[in-house]
Amino acid sequence: MQRAYLIGTLSVAAVLALCVVALCLAVDPYKLYPDGDDDSAGNSADLFFHLRLHKPYAIQRRAPEHLIIGSSRSARLQPHFLGEAAYNASLPGVTLREMRRMVEHAHSVRPLKTLFLGVDYYMFRQGHSDQTDHYEDDRLRRPDPSLRERLAFAYQRLEDGWRALFSVDAVVDSATVMLGRETSQRRYRDDGTWFTEGSSRPPRWLFSALNRQKMRDFSLETDRLDATELAGLLRFCSERNIAVTVFISPFHASVMSTVRLAGKWRSYLNWQRLVSDTVAQAPGSIRLAGVEQQALVTLEPLDTPRPFYYDGVHYTDAAGELIMACLTGGACDSESEPAVLEAGHIGRYLKRVDELMRAYPEQRPADYAALRKWLDRATGSGKGQGSTE
C-alpha cells in the first residue's frame, strides 16, 4: 500500500514537472531556444531584466557578422544598416569589460567584420567594470578557451536551462505571456533593439526624472576615469581585422547643464578627450564619431513634435535610424549629421559642444528655467542653485 502510494506520488510529481517544462519550453519566455522561424522577441516576457540571459543565446542563434553594442542608449541603433547578418547586443548599464566579453563571444560564434561601439561617460569611471550584477561571465564563449573554461561554459548552460524551464520565475512569466497579461510598454525586436511604446512627444516628466537622476549621479561619483578596458577591446578588434566605429553617446543640453551644475563639466569634456586619445593610440584604423556639435540636436526644445531625444539621454527610433544612416553612407540630414572626428584632435569639436551647453539658458530660457526648478526640487535648492564650472 505504501509502495503504491509512493509510486503514485512520484508519478504525479513527474507529470507536474513535465507539464512545467512543456509550458516553459512552449512559451520560452526569455527566448533562449529557436522556434523554426525567428526568436520572436516581441512575444516574450519583459526582457529588460533578462537581456543578459537572452542576448548571448540570440547571438549564437543569429551568428552576426556585424555587431552593435553599448548601453540602453544604443538600443535604438538599427543594425540592418551594417549588413544582413547584423545584431544589436546593447545591454542596460553595460560595463566596458562586459562589452569586450560580448564581442569575444560573438566573434567566437562567427568572425565579426564590423563593430559599432556606443560609449558613455559612466563606463569609464574607475572600478565600474568590476561590477558584475546579473552578469555571468561563463555564459559567454571565449576565443581560445581552456578545459576549465569549457566546463564552466557547459555548466552555466545547464544553470540557464534550469532557470528558463523549471524556475518559479519562468513559470510565472510563461503564464503571463500565455494569458496576454504582460503590461510592460517596452517592446523587443528580433534584431536586438528595443523601444518604449507611447506618445511621439515624450512627456516632460521624463526629462525631469532623468536630470534629477543625473544630478545625483554626477554629484556623488568620482572624477577618476579609466580607459584600460576600451584599449583592450580595440586591440582585440585590430588583431582580428574587425572594422570599428566608436560613437560618443550624446547628451541633450539640459543634461549637459545638469552636469555643469553638479560641478563635473570639465570631467565630462576630459572623458571625451580620453576616448579620443585611446582611439588614436589603438593599432589599426578606428573611426570616432559624435553628434553633440549639432545645435539642432543638442539645443532641441523639450516640446518638439519629432524629437531626437526621448528623455535627454536616450534617443528615439527616428534618431537611431538617422545616426546609423549618416555613419553608413545613407541619406542624412546635414543639420543632424554626426561628425567623424580625428582621433586625438577633437579640441575644436569640444569647443563647439561647450559653446552650445553655455548657450542653452539664452537659447531655451523657458526650458532652462524648468530644468532649474526640477533640480532645485531634487536638491532642496542647494546644488541646483550653485556649483558650476
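Here the structure is shown first, and the text comes after it.
Not measured: the values here are computed from a predicted model. (Residues numbered from 1 in each chain as written. Predicted model: local features only at pLDDT ≥ 70, side-chain atom pairs only at ≥ 80, totals over all residues. Heavy atoms only, no water.)

Caption draft 1: Here's a closer look at the state of the cysteines. Counting across every chain of the model gives one disulfide. Each sulfur of the disulfide joining Cys326 and Cys332 lies 1.8 Å from the other. The sign of the 85° torsion about the S-S bond sets the Cys326-Cys332 disulfide as right-handed. The buried category is assigned to Cys326, whose relative accessible area is 12%. (Disulfide = S-S within 2.5 Å. Buried < 20%, exposed > 50% of the residue type's maximum accessible area, 1.4 Å probe, protein only.)

Caption draft 2: The arrangement of the pattern of salt bridges in detail. In this structure the tally under the stated criterion is 19 salt bridges. Note that Asp46 and Arg186 form a salt bridge whose closest N and O atoms lie 2.8 Å from each other. Highlighted residues: Asp46 in the loop between helix 1 (2-27) and helix 2 (51-62) and Arg186 in strand 4 (residues 186-188), separated in sequence by 140 residues. One salt bridge in this structure joins Arg100 and Glu104, with 3.0 Å as the shortest N-O distance. Here the residue Arg100 and the residue Glu104 both occupy positions in helix 3 (residues 96-109), the gap between them amounting to four residues, near one helical turn. Shared partners join several salt bridges into a network, and the residues in it are Arg97, Arg100, Arg101, Glu104, Asp137, Arg142, Glu149 and Glu229. (Salt bridge = Lys/Arg side-chain N within 4 Å of Asp/Glu carboxyl O. Helix = DSSP H or I, 4+ residues; strand = E, 2+ residues; numbered from the N terminus.)

Caption draft 3: Here's a closer look at helix 9 (residues 265-281). The terminal C-alpha atoms of helix 9 lie 25 Å apart, and with 17 residues this matches the ideal 24 Å at 1.5 Å per residue to within 8%. Restricting attention to buried positions, one finds in helix 9 the residues Trp265, Ser267, Tyr268, Leu269, Trp271, Gln272, Val275, Ser276, Thr278 and Val279. Where helix 9 is buried, its residues touch strand 3 (114-119), helix 7 (228-239), strand 6 (243-248), helix 8 (253-261), strand 7 (286-290) and helix 12 (347-363). (Expected span 1.5 Å × (residues − 1). Contact = heavy atoms within 4.5 Å.)

Caption draft 4: Local environment of unusual backbone geometry. Within the chain, Lys31 stands out as a residue other than glycine whose phi angle is a positive 55°. Relative to the helices and strands, Lys31 is located in the loop between helix 1 and helix 2. Positioned with a positive phi, Ala63 is a non-glycine residue whose angle comes to about 45°. Examined against the element boundaries, Ala63 turns out to sit in the loop between helix 2 and strand 1 (66-69).

Caption draft 5: Spotlight on the nonpolar core. Leu115, Leu117 and Val246 are the most contacted members of the largest nonpolar core, which totals 92 residues. Counting eleven residues, the second-largest nonpolar core is a separate cluster that includes Tyr30, Ala45, Ala164 and Ala170. (Core = buried A, V, L, I, M, F, W, Y, C linked by side-chain atoms within 4.5 Å.)

Caption draft 6: Here's a closer look at the side chain of Thr298. Mapped onto the elements of the fold, Thr298 is located in helix 10 (residues 295-298). Exposure remark for Thr298: the relative accessible area of 0% places this residue in the buried category. A distance of 2.8 Å separates a polar atom in the side chain of Thr298 from the backbone oxygen of Glu292. Apart from residues lying up to four places away in sequence, Thr298 is in contact with Phe251, His252, Ala253, Met256, Val291, Glu292 and Leu356. (Polar contact = N/O pair within 3.5 Å; in protein donor to acceptor, adjacent residues only side chain to side chain.)

Caption draft 7: Fine view of the pairing of strand 6. Counting buried positions over the six residues of strand 6 gives five, a clear majority of the element. Judged from the six bridges that link them, strand 3 and strand 6 form a sheet pairing that is parallel. In the strand pairing of strand 6, Leu117 is matched with Val246. For strand 6 and strand 7, the ladder comprises five bridges, and the chain directions are parallel. Each bridged residue has a counterpart across the sheet, and for Phe247 the counterpart in strand 7 is Ala289. (Pairing = 2+ DSSP bridges.)

Caption draft 8: Structural context of the sheet that holds strand 1. Reading across the sheet, the six strands line up as 2-1-3-6-7-8 and stay open at both edges, with mixed pairing between neighbours. With one partner strand each, in any of the chains shown, strand 2 (86-88) and strand 8 (339-341) form the two edges of the open sheet. Ignoring strand direction, the axes of neighbouring strands in this sheet form an average angle of 20°. As paired strands, strand 1 and strand 3 are joined by four bridges and run parallel to one another. In the sheet register, Leu67 faces strand 3, and the bridge partner there is Leu115. The sheet contacts of helix 9 involve strand 3, strand 6 and strand 7, and relative to strand 6 the element is tilted by about 170°. (Axes fitted to C-alpha atoms, helices over the stretch in contact; angles between N-to-C directions.)

Caption draft 9: The packing of aromatic side chains, seen in detail. Tallied over the entire structure, the rule returns 16 aromatic pairs. Relative to Phe218, the ring of Tyr121 has its centre 5.0 Å away and its plane inclined at 35°; by these criteria the two rings are tilted. Here Tyr121, found in the loop between strand 3 and helix 4 (147-166), pairs with Phe218, found in helix 6 (residues 204-220); they are 97 residues apart in sequence, far enough to count as distant. When the ring of Tyr268 is compared with that of Trp271, the centres are 5.5 Å apart and the planes differ by 40°; the resulting orientation is tilted. In this pair, Tyr268 and Trp271 both sit in helix 9, three residues apart, roughly one turn of the helix. Comparing Tyr268 with Trp271 shows no difference in burial state: the two are buried. Members of the aromatic cluster, connected to one another through ring pairs, are Tyr121, Phe124, Phe218, Phe251, Trp265, Tyr268 and Trp271. A cation over an aromatic ring shows up here: Arg125 above the ring of Phe218, its NZ or CZ 5.0 Å from the ring centre. Lying across the ring of Phe48, Arg186 places its NZ or CZ 4.2 Å from the centre. (Phe/Tyr/Trp six-rings, centres within 6.5 Å; stacked < 30°, edge-to-face > 60°. Lys NZ or Arg CZ within 6 Å of the ring centre and 35° of its normal.)

Caption draft 10: Region of interest: the packing of helix 2 against helix 3. Orientation of helix 2 relative to helix 3, taken along the N-to-C sense of each, is 30°, at an axis distance of 9 Å. The orientation of helix 2 relative to helix 3 falls into the category roughly parallel. Note on element contacts: helix 3 touches helix 2 through Glu98, Met102, His105, Ala106 and Val109, opposite Arg52, Lys55, Pro56, Ile59 and Gln60. Here the contact of helix 2 with helix 3 is built from residues that sort into five nonpolar, two polar and three charged. (Parallel < 35°, antiparallel > 145°, perpendicular 65-115°, else oblique. Nonpolar A, V, L, I, M, F, W, Y, C, P; charged D, E, K, R; others polar.)

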